[in-house]
Amino acid sequence: EIPFALIEQGFEAFPKPAGKKFEYGTTGIRTKGDTLESTCYRLAIIGALRSKSLNGKLIGLMVTASHNPEPDNGIKPIDSRGEMLDVTWEPYCTAACNAVDAQEFFGILKKLIHAYKIDLKTPAKVIYGHDTRPSSPMLIKAVASGLAAMGAQTIDAGLKTTPQLHYLVHAHNTAGTEEAYGEPTEEGYYKKLADAFLKLVEGKPATSKLTVDCANGVGAHALLNIQKYIPSSALEIRALRTAIGTKGALNDGCGADYVKIGQKLPKDIEKDGVQQGDRMCSFDGDADRIVFYYLRGNPAQKDSFRLLDGDKIAALATDYISELAKKAGIELNVGCVQTAYANGSSTKYLEQRVPVTCTPTGVKHLHRAAEHYDVGVYFEANGHGTVLFSPDALKLLSEAKPTTPAAEDALIQLRNLVDVINQTVGDAISDMLLVEVILRSRQWDCEEWDALYEELPNKMLKVIVKDRAAFTTEDAERRLVTPTGLQAKIDEVVAKYKDARSFVRPSGTEDCVRVYAETGLAAELDSLANNVAKLVQ
Ligand code: NG1
Ligand code: ZN
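Residues numbered from 1 in each chain as written. Chains lettered and ligands numbered in written order. Predicted model: local features only at pLDDT ≥ 70, side-chain atom pairs only at ≥ 80, totals over all residues.

- Under an unreviewed UniProt entry, the chain has the name Phosphoacetylglucosamine mutase and belongs to Meira miltonrushii.
- We quote the UniProt Sequence similarities (unreviewed entry) comment for the chain here in full: "Belongs to the phosphohexose mutase family."
- The annotation that UniProt attaches to the chain under Catalytic activity (unreviewed entry) is "N-acetyl-alpha-D-glucosamine 1-phosphate = N-acetyl-D-glucosamine 6-phosphate". (UniProt positions renumbered as here; feature names shortened; annotations may be inferred.)

Right, here's the structure in full:
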């Protein structure tokens, strides 16, 4: 039996803001933090049911709003293998969060229990964590209360990066099995990544120091901790924007999103003595994204800023892994997954080397597509991504019998790469180490990496519209279906520009519509973006 009476108490204690409509978006439910208590309480109950439906496997609930402004927050359920929640559960989540009274909420729970034949006697086990936002403690209380009402067994993971929580879920559920992913603790996470990293760079001369913008978020905590396991002789790190406790600092003028969207350095970073050629990177607020950048040529010039985004990381990783597989004499089908936001030049570059898939925005889509390859490299342009090795690939790697020392060396590198890369989700810390390994191994700095291809000038605009739900898309979000007739108008505008591409889609995490524009001619970029945006308004 479901403990309706108990659930109802919490339901009344965490009332839904009147008139507010919640929507399960790109990564769970995300909006202003002070409106989310009811949602957190309700998703905790659904989370407990999800665990029961998976035979009591551990599932996760992460309270974060990633790169969004500090007053925002969100809650994201994590499935038992550390991946995003099964998409077929999303409509139930949306409906549950919008239920106006306890009866409607119970009705949705009953439907869910029936649809997935959930045995309520199965115990539920849920781990939850949060980032550094001021609203997190209050929301965590609502989560804990929902789980308590369900009698779930809980693990309060406290302050974690999003990828750490994904890691913990997967590590717990595989502990003691053949697939054991790692020790299911935060320390275990650091040790696993650090061990693999140290093996990968052993004997390779260290490159120059890496400057890291931690977005004043939880990434600062993780970076500080992993440095306990990676001596500065192996990787010299200069951590900036680490003010976790400072109100209003999170993602403010810094972080991966600020750098990627603005295509510029974190605000005032010159004051930290950043110099031409320095290798720099930025995490986002929950440390699941990373972008790199440096200053090329005269730093006083506007175009000296050079961004090495998710697309460039994908190119770097794809080439490197393909080469290692070849050297190791192993047939691996390496593929790459991108979204419509991938720069046209990166797609062209990758397509000349490996199969490339385009999916809708949101890592849940990329992740699933990447699983179709032996090695699936997936990155959103904004720096969210990872590399997945399929069970078959892992088997090949463990069973291969290399016949030359060079092949053996390549094989060992591949095996260690699997461990340095977070296999559950995009992870800024893990991706940072991956990039450092590849650059070190090639004895490259940013300039050589940057030279893989030249990006087409591109731009993203946010347009506030009355109802973003009026915008629906097809063809991996590259074309609008509704509002009727709008796509034809966009096509007409785009046709006027050379080598141009532009598309419009509703954001899944913010109340806006995004316009992306890309052209062969930098001088025409603003005009293209603005003209498409005008059509949308
Ligand atoms: P939306 O708001 O749906 O565009 C944004 C990012 C996604 C993803 C999510 C989750 C872009 C264009 N969109 O989604 O890639 O990272 O946030 O954080 O960067
Ligand atoms: Zn994030």
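1. So, the overall build of the chain
Phase 1 of the analysis: When helices and strands are tallied, the chain shows 18 helices and 19 strands.
Phase 2 of the analysis: Taken over the C-alpha trace, the chain has a radius of gyration of 23 Å; the compact-globule value for 537 residues is 24 Å, and the two agree within 12%.
Phase 3 of the analysis: Seen through its C-alpha atoms, the chain measures out along the principal axes to roughly 65 × 55 × 45 Å.
Phase 4 of the analysis: The buried share of the chain, taken over its 537 residues, is 50%.
Phase 5 of the analysis: Taking the contacts inside the chain whose residues are at least 6 apart along the sequence as the reference set, 71% of them involve residues at least 24 apart. (Helix = DSSP H or I, 4+ residues; strand = E, 2+ residues; numbered from the N terminus. Rg over C-alpha atoms; globule rule 2.2 N^0.38 Å. Buried ≥ 20, exposed ≤ 12 C-beta atoms within 10 Å, placed from the backbone. Contact = placed C-beta atoms within 7 Å.)

2. Focus on the UniProt feature "domain: Alpha-D-phosphohexomutase C-terminal" (unreviewed entry) in the chain
Phase 1 of the analysis: Residues annotated by UniProt as "domain: Alpha-D-phosphohexomutase C-terminal" (unreviewed entry) correspond here to residues 461-534.
Phase 2 of the analysis: Secondary structure across residues 461-534 divides into 27% helix and 30% strand, with the first and last C-alpha atoms of the span separated by 11 Å.

3. Structural notes on the nonpolar core
Phase 1 of the analysis: Residues C40, V143, L193, F197, A317 and V420 are the most contacted members of the largest nonpolar core, which totals 135 residues.
Phase 2 of the analysis: The dominant element in this core, judged by the number of residues it contributes, is helix α10 (residues 310-328), at ten residues.
Phase 3 of the analysis: The contact partners of F197, leaving out residues within four places of it in the chain, are I230, V420, L433 and V437.
Phase 4 of the analysis: Core analysis: the second largest hydrophobic core is formed by 16 residues, Y341, A342, L480 and L528 among them. (Core = buried A, V, L, I, M, F, W, Y, C linked by C-beta atoms within 7 Å.)

4. Some details on the site of ligand 1
Phase 1 of the analysis: Near ligand 1 there are 14 residues, and of these T26, N382, S507, G508 and T509 occur at the shortest range.
Phase 2 of the analysis: Each residue belonging to the shell around ligand 1 can be placed in one class, and the counts come to one nonpolar, ten polar and three charged. (Near = placed C-beta within 6 Å. Nonpolar A, V, L, I, M, F, W, Y, C, P; charged D, E, K, R; others polar.)

5. Some words on the pairing of strand β17 (residues 479-482)
Phase 1 of the analysis: For strand β16 (residues 472-474) and β17, the ladder comprises three bridges, and the chain directions are antiparallel. Bridge pairing in β17 links E474 to R479.
Phase 2 of the analysis: Between β16 and β17, which pair antiparallel and follow one another directly, the connecting turn spans four residues, one of which, D475, has a positive phi of 55 degrees. (Pairing = 2+ DSSP bridges.)

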